[in-house]
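# A look at the structure
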Amino acid sequence: MEEILLLAQGAFPEEAFRAFLKECGLPLPSFRMNGKAASLLLEERDVPRLLSSFPAFAEDLLVPIAGVMGGEGNRLLPKLLPSALSLLSGRISWGGEVILKAFSFGDLALLKDLTLLFRGVDPELLHTGETYLRMNGRGDIASEALFLHRNTLLYRLNRFHEETGLDLRKEQDAFLFALYLGLGA
């Protein structure tokens, strides 16, 4: 499942957004409101429909709105929402895209949030994740490089996901970890 968090500058247009989801044929039960923000869980197959339709929806609103998307449980997403609203208004962007955009404007404040995501994570899990990325997500090669049974590698990747909220088998989450390794580690 993909998690999409949305933030509006001002009152969140809940009824308009619900109508938009219904028009797109997207499920409403996974939509939740929390003040000026909202969250939505979608199957990966439904994401392209939302991403392609959202800019036109956002353009028709009187309040600026933006979203950030990542794997379900990604604890970094709420921290990225304000930057997404100011830098990428009218769009739903991947978490890594928001960070790169902020960095391109010289705003490194999100680096602290990215680094905090990995604070306290077992170094063995970080090493396993790094090796998995270096082997281009090939579990068979990563398990050989780490001298692990393939099931042990999968267990560690699942624990990495539990501790960080990032699933390294998903491209956007792997990208966030790669950013951390390149900039924050």
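Predicted, not measured: the structure shown is a model, and the values here were computed from it. (Residues numbered from 1 in each chain as written. Predicted model: local features only at pLDDT ≥ 70, side-chain atom pairs only at ≥ 80, totals over all residues. Heavy atoms only, no water.)

### Describing the overall build of the protein chain
Rules: Runs of H or I in DSSP of at least four residues are treated as helices and runs of E of at least two as strands, each being numbered from the N terminus. Based on C-alpha atoms, the radius of gyration is set beside the globule rule, defined as 2.2 Å times the residue count to the power 0.38. Only protein chains enter the area calculation, which uses a 1.4 Å probe; residues under 20% of their type maximum are buried, those over 50% are exposed, and those in between are partly exposed. Whether two residues are in contact is decided by their heavy atoms, any of which lying within 4.5 Å being enough. The method behind every accessible area is Shrake-Rupley, applied with a 1.4 Å probe, and residues are considered shielded solely by the protein chains displayed. Only four residue types enter the tally: Lys and Arg on the positive side, Asp and Glu on the negative side, with His and both chain ends excluded. Every charge is mapped to an atom, namely NZ of Lys, CZ of Arg, CG of Asp or CD of Glu.
Of regular secondary structure, the protein chain possesses 9 helices and 5 strands. Sequence-ordered secondary structure for the protein chain, helices as α and strands as β, is β-α-β-β-α-β-α-β-α-α-α-α-α-α. In terms of overall dimensions, the protein chain is globule-like: its C-alpha atoms have a radius of gyration of 18 Å, near the 16 Å expected for 185 residues. Seen through its principal axes, the protein chain has C-alpha atoms that stretch 55 × 35 × 25 Å. Taken across its 185 residues, the protein chain has 48% of its residues classed as buried. Nonlocal contacts in the protein chain, meaning residues at least 24 apart in sequence, comprise 63% of its contacts between residues at least 6 apart. For the protein chain, the exposed area adds up to about 9500 Å²; of that, 53% sits on carbon and sulfur atoms. Here the protein chain contributes 19 positive and 24 negative side-chain charges, whose respective centroids are spaced 2 Å apart.

### Describing the pairing of strand β2 (residues 31–34)
Operational definition: Think of it this way: DSSP has to see at least two bridges between two strands before they count as a pair.
Looking at chain direction, β2 and strand β3 (residues 37–42) are connected through 4 bridges and run antiparallel. Considered in β3, the bridge of Met33 is made with Ala38.

### Details of the environment of Leu41
Among the structural elements, Leu41 can be located in strand β3. When its relative accessible area of 17% is taken as the criterion, Leu41 is described as buried. Taking the C-alpha atoms as reference points, Leu41 and Leu28, separated by 13 residues in sequence, lie 9.3 Å from one another. Leave out the neighbours within four places in its chain, and Leu41 touches Met1, Glu2, Glu3, Ser30 and Glu72.

### Quick word on the confidence of the model for the protein chain
The condition that has to hold: The predictor attaches a confidence to each residue, and that confidence, scored 0 to 100, is pLDDT.
Chain-level pLDDT for the protein chain is 90 on average; 99% of the residues reach the 70-or-more range. Taken element by element, the protein chain is modelled with least confidence in helix α9 (residues 171–184), mean pLDDT 85, and with most confidence in helix α6 (residues 123–134), mean pLDDT 96.

### A short note on the pattern of salt bridges
As a reminder, the rule being used: Salt bridges, as used here, are contacts in which a Lys or Arg side-chain nitrogen is within 4 Å of a carboxyl oxygen on Asp or Glu.
As enumerated under the stated definition, the model contains 12 salt bridges in all. Lys170 is paired through a salt bridge with Glu2; the nearest N and O atoms lie 3.3 Å apart. Here Glu2 lies in strand β1 (residues 2–8) and Lys170 lies in the loop between α8 (150–164) and α9, a separation of 168 residues in the sequence. Across the pair, exposure class does not vary: Lys170 and Glu2 are buried alike.

### Here we look at the packing of aromatic side chains
The following threshold applies: Classification of ring pairs rests on two measures: the distance between centres of Phe, Tyr or Trp rings, Trp counted by its six-membered ring, which must be within 6.5 Å, and the angle between planes, read as stacked under 30 degrees, edge-to-face over 60 and tilted in between.
Under the definition given, this model contains 13 aromatic pairs. Residues Phe12 and Phe17 carry aromatic rings whose centres are separated by 5.9 Å and whose planes lie at 70 degrees to one another, so their mutual orientation is edge-to-face. Phe12 sits in the buried class, given a relative accessible area of 9%. Here the aromatic rings of Phe118 and Phe160 are separated by 6.2 Å at their centres, their planes lie at 35 degrees, and the arrangement is tilted. Placement of Phe118 in helix α5 (residues 109–118) and of Phe160 in helix α8 is noted, with a sequence separation of 42 residues between them. Overall, Phe160 belongs to the buried group, its relative accessible area being 1%. Site record: aromatic cluster; members linked through ring pairs are Phe12, Phe17, Phe20, Phe31, Phe54 and Phe57.

### Section: the packing of α6 against α8
Formally: Here, axes are lines fitted to C-alpha atoms. For helices the fit covers the stretch in contact, and angles between N-to-C directions go from 0 to 180 degrees. Our angle categories are set so that under 35 degrees counts as roughly parallel, over 145 as roughly antiparallel, 65 to 115 as roughly perpendicular, and the remainder as oblique. Handedness of a crossing follows from how the near helix is turned relative to the far one, being left-handed for an anticlockwise turn of less than a right angle and right-handed for a clockwise one. Only Asp, Glu, Lys and Arg are considered charged, only Ala, Val, Leu, Ile, Met, Phe, Trp, Tyr, Cys and Pro nonpolar, and every remaining residue, Gly among them, polar.
Running from N to C, α6 and α8 point in directions that differ by 110 degrees, and their axes come no closer than 9 Å. As the angle between them shows, α6 and α8 are arranged roughly perpendicular. The interaxial crossing formed by α6 with α8 has left-handed handedness. Contact with α6, carried on its side by Glu124, Leu125, Leu126, Thr128 and Tyr132, involves Leu153, Arg156, Leu157, Arg159, Phe160 and Glu163 of α8 and no other residues of that element. Its residues assigned to classes, the contact of α6 with α8 comprises 6 nonpolar, 1 polar and 4 charged.

### A look at the side chain of Glu3
Mapped onto the secondary structure, Glu3 falls in strand β1. Buried Glu3, no salt bridge; nearest opposite-charge side chain is Arg32, N-O distance 6.6 Å.

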